[in-house]
Amino acid sequence: VLTVHATIGSPADGSVKLQLGQVSETVEVSAVAGNVEVNHTDATLGNAFVSSQITQLPLEARNVTSLLTLQPGVTSAGYVAGARSDQSNVTLDGVDINEAQTNAIGSQVLRLNSEAIQEFRVTTMNANANQGRSSAAQIGLITKGGSNTWHGSAFEFYRSTGFTANDYFNNRSGVPRPKLLRHTFGAAGGGPIKKDKLFIF
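Let me begin by describing the structure that accompanies this report. (Residues numbered from 1 in each chain as written. Predicted model: local features only at pLDDT ≥ 70, side-chain atom pairs only at ≥ 80, totals over all residues. Heavy atoms only, no water.)

**Structural notes on the overall build of the protein**
Per the secondary structure count, the protein includes two helices and eight strands. Helices (α) and strands (β) of the protein occur, in sequence order from the N terminus, as β-α-β-β-β-β-β-α-β-β. The buried share of the protein, reckoned over its 201 residues, is 29%. Within the protein, contacts between residues at least 6 apart in sequence are counted, and of these 64% link residues at least 24 apart. Accessible surface, the protein: about 13400 Å² in total, of which carbon and sulfur atoms supply 54%. (Helix = DSSP H or I, 4+ residues; strand = E, 2+ residues; numbered from the N terminus. Buried < 20%, exposed > 50% of the residue type's maximum accessible area, 1.4 Å probe, protein only. Contact = heavy atoms within 4.5 Å. Areas by Shrake-Rupley, 256 points an atom, 1.4 Å probe, with all protein chains shown as cover.)

Next comes the structure, spelled out in structure tokens:
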């Protein structure tokens with residue numbers, strides 16, 4: 001049994017060398033799942049983030065696109081390797097979700113809920129022809145799918161003024177920090193419609 005851990009938009013090498021054996025012999029091949037550390041398949045540069053990273057890393061307003069800035073060569077304004085933020089391409093399950101007027105990162109036509117994203121990859125440079133369409137980052141997101149067992153979650157993310165810092169100029173002028181009160185509620189659930197065949201999330 002050959003097990004290959006495949007992540008979104010990342011090449012995975014599954015080649016195995018086998019030697020000839022006798023007819024009565026059984027050959028079992030096992031491999032440890034893992035990411036390809038050095039990409040020797042194509043010239044793309046980028047990182048894949050899995051579900052545990054997406055849910056455990058701190059996000060402003062639980063916005064998944066905030067994780068884009070964890071890539072080398074990416075600024076907080078969305079500029080990727082020198083390219084402007086409005087030159088990036090965002091797809092969800094292979095479908096274009098770019099906002100047509102500004103095309104800026106963070107203004108997609110669908111709101112990206114961190115609880116619903118299984119994994120995503122940001123290709124910062126040298127995108128393949130199958131990604132194309134723009135010169136900056138290629139951001140591919142995959143939504144979660146259900147499984148043979150029912151799972152669900154409910155959550156609230158709370159922020160208040162006590163967890164914010166004041167602006168430098170406000171401090172210098174003696175202006176108190178502005179009030180902030182934010183509640184982000186959500187829920188997620190998934191399971192089987194038909195076991196081993198059809199799932200919902």
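**What to know about the environment of L18**
Considering the arrangement of structural elements, one finds L18 in the segment before β1 (45-50). Between the C-alpha atom of L18 and that of E28, which follows or precedes it by ten residues, the distance is 9.8 Å.

**A closer look at the sheet that holds strand β4 (residues 117-125)**
Spatial strand order, β1-β4-β5-β2-β3: five strands in an open sheet with mixed pairing. Strands at the two margins of the open sheet, each flanked by one partner only, are β1 and β3 (95-96). Here six bridges tie β4 to strand β5 (residues 138-143), and the two strands are oriented antiparallel to one another. Within β5, the position partnered with E119 by the bridge is I142. (Pairing = 2+ DSSP bridges.)

**Comments concerning a nonpolar patch on the surface**
On the surface, W150, I193, L198 and I200 cluster together into a nonpolar patch covering about 450 Å² of accessible area. Along the polypeptide, I200 turns up in strand β8 (residues 198-200). Given a relative accessible area of 41%, I200 falls into the partly exposed group. (Patch = residues over 30% accessible without salt bridge, like charges linked within 9 Å, V, L, I, M, F, W, Y side chains within 5 Å. Salt bridge = Lys/Arg side-chain N within 4 Å of Asp/Glu carboxyl O.)

**Here's the deal with the sheet that holds strand β6 (residues 151-160)**
Working definition: the strands of a sheet are paired by backbone hydrogen bonds and lie parallel or antiparallel to each other. Ordered in space as β6-β7-β8, the three strands form an open sheet in which the pairing is antiparallel. Each having just a single partner strand, β6 and β8 make up the two edges of the open sheet. Taken over all neighbouring pairs, the strand axes of this sheet differ in orientation by 10 degrees on average, direction set aside. With ten bridges connecting them, β6 and strand β7 (residues 181-194) associate as antiparallel partners. Bridge pairing in β7 places H151 opposite G190. (Axes fitted to C-alpha atoms, helices over the stretch in contact; angles between N-to-C directions.)

**Comments concerning unusual backbone geometry**
With a phi close to 55 degrees, D93 is a non-glycine residue in the positive phi region. Among the secondary structure elements, D93 is positioned in the loop between β2 (89-92) and β3. The phi dihedral of D196 is positive, around 65 degrees, even though this residue is not glycine. Its place among the elements puts D196 in the loop between β7 and β8.

**Re the environment of F155**
For F155, the position within the fold is in strand β6. Taking the C-alpha atoms as reference points, F155 and A188, 33 residues apart in sequence, are found 8.9 Å from one another. If we skip the residues at most four places from it in the chain, F155 touches N113, E115, T184, F185, G186 and A187.

**Side note on the packing of aromatic side chains**
Going through the model one piece at a time under the given rule, you end up with three aromatic pairs. With 5.2 Å between their ring centres and 10 degrees between their planes, F49 and F120 make a pair best called stacked. In this pair, F49 is assigned in strand β1 and F120 in strand β4, connecting sequence segments 71 residues apart. Exposure class is identical for F49 and F120. Each is buried. Seen in terms of ring centroids, Y168 and F169 are 5.1 Å apart; in terms of plane orientation they differ by 80 degrees. Their pairing is edge-to-face. With respect to class, Y168 is no different from F169; both count as exposed. (Phe/Tyr/Trp six-rings, centres within 6.5 Å; stacked < 30°, edge-to-face > 60°.)

Function-wise, these values are silent; they only describe arrangement.
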